[in-house]
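# Architecture and fold: a report
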Amino acid sequence: MAISLSTALSPNTTVRFNRLTNPAPTRILPNQSPLWRPRHWNKTLKLSPRRPSHVIASAVSESPPSVSEDTKNLLDTVKVYDVNGNAIPISDLWKDRKAVVAFARHFGCVLCRKRADYLAAKKDVMDASGVALVLIGPGSVEQARTFSEQTKFKGVYADPNHSSYEALSFVSGVLVTFTPKAGLKIIQSYMEGYRQDWKLSFERDTVSRGGWQQGGIIVAGPGKSNISYIHRDKEAGDDPDIQDILKACCS
C-alpha cells in the first residue's frame, strides 16, 4: 500500500490522504470480520483549530505515579457514557474496586483494536484478582457501541468532550501520530489481521478534533482518587509492557 501524506501545520490544518494501490491480501484472525474500508479513497479534511491541550514530550509510565490534586479534581468532574448512553462519573469505574482503564486514540484506530485484544488476553488474570477492565475512547456513544460490537470488548465508554484525556494530560498532535515507529506498528497490525475502520475514522466526532489524540493506560482504585499506575503514550501504538500493568493491578 502506498500512501502520500501532506500536512500544512497552520491554524487550519489540511491533511490529504491518497490511496494509490490496493494492499496485498492480509490474513484475518479467526472469528474476526474484516471492517468496512473503501477500495479507493481520496479524502481531504479541513480541520478547525482545536483548543490547546497538555503536551507531554515523551512517554511516562509511573508506578506509583505522582498525580496532582488538580488532576484528581479535574477527574472528579469528568463523565463518560456507556454504550447505552448512560452517563456516569469516570471515578465510578474504580471507586469500589481496582480497574485497568485503557484510553484509545479513537474508535476507528487499528492500533487501538490491537490494544483491546492485548489487554483482553489477560482478562482472566484480572478477573481472578477482582480487577475490572474497561476502555474509554474520545467520540460518540454510537462509535463506542460499534467498537464494542466489532471487537467483542466489554466495558467500552465514550468521552465525547475529551475531558478525561485533558485531565490526565495525554499528548495530542500530528507529529506524535505519524512517526516511523507508529507506521511500522500499523503495518505489523495489518499483517496480524487487524483493520482500521475508515468509516468511524472519518466521522465528525473524530475529524472535528483532528484525530491526533493519543491515549494511555491507568490502574486506579479502590477509592475515587487512588491512581496507582499511569502510562501516557508518547506516540500511536505505544503500548506498555503487559507485565508492568499486571504488577500494578494484580500483585
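Not measured: the values here are computed from a predicted model.

### What about the packing of helix α2 (residues 110–120) against helix α6 (residues 180–191)?
Put simply, α2 and α6 touch, their axes get as near as 9 Å, and they point 65 degrees apart. The handedness of the crossing between α2 and α6 is left-handed. Residues Val-110, Leu-111 and Lys-114 of α2 form the contact with α6, whose participating residues are Lys-185, Ile-186, Gln-188, Ser-189 and Tyr-190. Across the contact of α2 with α6, the residue classes tally to 4 nonpolar, 2 polar and 2 charged.

### Side note on the pattern of salt bridges
In total, this model carries 9 salt bridges according to the counting rule given. Of the charged contacts, one joins Asp-239 and Arg-115 as a salt bridge, the two residues approaching to 2.5 Å between their closest N and O atoms. Of this pair, Asp-239 sits in the loop between β11 (227–232) and α9 (242–250) while Arg-115 is found in helix α2, placing the two residues 124 residues apart along the sequence. Given a relative accessible area of 5%, Arg-115 falls into the buried group. Across the pair Lys-234 and Glu-235 runs a salt bridge, and its minimum N-O distance is 3.9 Å. A residue is classified by how much of its surface remains accessible, and Lys-234, at 30% relative accessible area, is partly exposed. For Glu-235, a relative accessible area of 8% puts it in the buried group. When salt bridges that share partners are traced, they join Arg-115, Asp-233 and Asp-239 into one network.

### So, the confidence of the model for the chain
For the chain, the mean per-residue pLDDT works out to 80, and 72% of the residues sit at or above 70. Confidence drops under a pLDDT of 50 for residues 1–59, and excluding neighbours within four residues, the segment shows 123 contacts in the predicted structure.

### Some remarks on helix α4 (residues 141–151)
Taken as a whole, α4 has its buried residues at Val-141, Gln-143, Ala-144, Phe-147, Ser-148 and Thr-151. End-on, the buried residues of α4 take up no more than an arc of 160 degrees, which puts them together on one face. Following α4 by one or two positions, Lys-152 has its phi on the positive side, about 65 degrees.

### Here we look at the pairing of β11
Where burial is concerned, most of β11 is hidden: 6 out of the 6 residues are buried. Bridge count for strand β10 (residues 216–220) against β11 is 5 bridges, and the pairing is antiparallel. Within the sheet, the bridge partner assigned to Gly-216 lies in β11 and is Arg-232. Hairpin connection from β10 to β11: 6 residues lie between these consecutive antiparallel strands, with Gly-221 at a positive phi of about 90 degrees.

### Here's the deal with the side chain of Arg-105
Along the polypeptide, Arg-105 turns up in the loop between β7 (99–103) and α2. Buried charge without a salt bridge: Arg-105, with Asp-233 as the nearest opposite-charge side chain at an N-O distance of 7.3 Å. In terms of polar contacts, Arg-105 uses its side chain to reach the backbone carbonyl oxygen of Gln-213, at 3.3 Å. Within the structure, the side chain of Arg-105 is placed 3.5 Å from the side chain of Gln-214, a separation counted as a polar contact.

### A word on the pairing of strand β8 (residues 132–137)
For β8, the tally of buried residues reaches 6 of 6 residues, placing the bulk of the element in the interior. Residue alternation in β8 divides its side chains into two sets, Ala-132, Val-134 and Ile-136 and Leu-133, Leu-135 and Gly-137, and both sets are buried. Alignment of β8 against strand β9 (residues 156–158), held across 3 bridges, turns out to be parallel. Considered in β9, the bridge of Ile-136 is made with Tyr-157. Regarding topology, α4 serves as the crossover connection from β8 to the parallel β9, and that connection is right-handed.

### Focus on the environment of Asp-127
Inspection of the secondary structure assignment puts Asp-127 in helix α3 (residues 123–128). What makes Asp-127 partly exposed here is its relative accessible area of 44%. Placed 123 residues apart in sequence, Asp-127 and Cys-250 show a C-alpha to C-alpha distance of 9.4 Å.

About the cut-offs
- Residues numbered from 1 in each chain as written.
- Predicted model: local features only at pLDDT ≥ 70, side-chain atom pairs only at ≥ 80, totals over all residues.
- Heavy atoms only, no water.
- Axes fitted to C-alpha atoms, helices over the stretch in contact; angles between N-to-C directions.
- Helix = DSSP H or I, 4+ residues; strand = E, 2+ residues; numbered from the N terminus.
- Left-handed = near helix turned anticlockwise from the far one by under 90°.
- Contact = heavy atoms within 4.5 Å.
- Nonpolar A, V, L, I, M, F, W, Y, C, P; charged D, E, K, R; others polar.
- Salt bridge = Lys/Arg side-chain N within 4 Å of Asp/Glu carboxyl O.
- Buried < 20%, exposed > 50% of the residue type's maximum accessible area, 1.4 Å probe, protein only.
- pLDDT = per-residue confidence, 0-100.
- Arc of directions from axis to C-beta.
- Pairing = 2+ DSSP bridges.
- Lys, Arg positive; Asp, Glu negative; His and termini not counted.
- Polar contact = N/O pair within 3.5 Å; in protein donor to acceptor, adjacent residues only side chain to side chain.
- Right-handed = clockwise from strand over helix to strand, strands pointing away.

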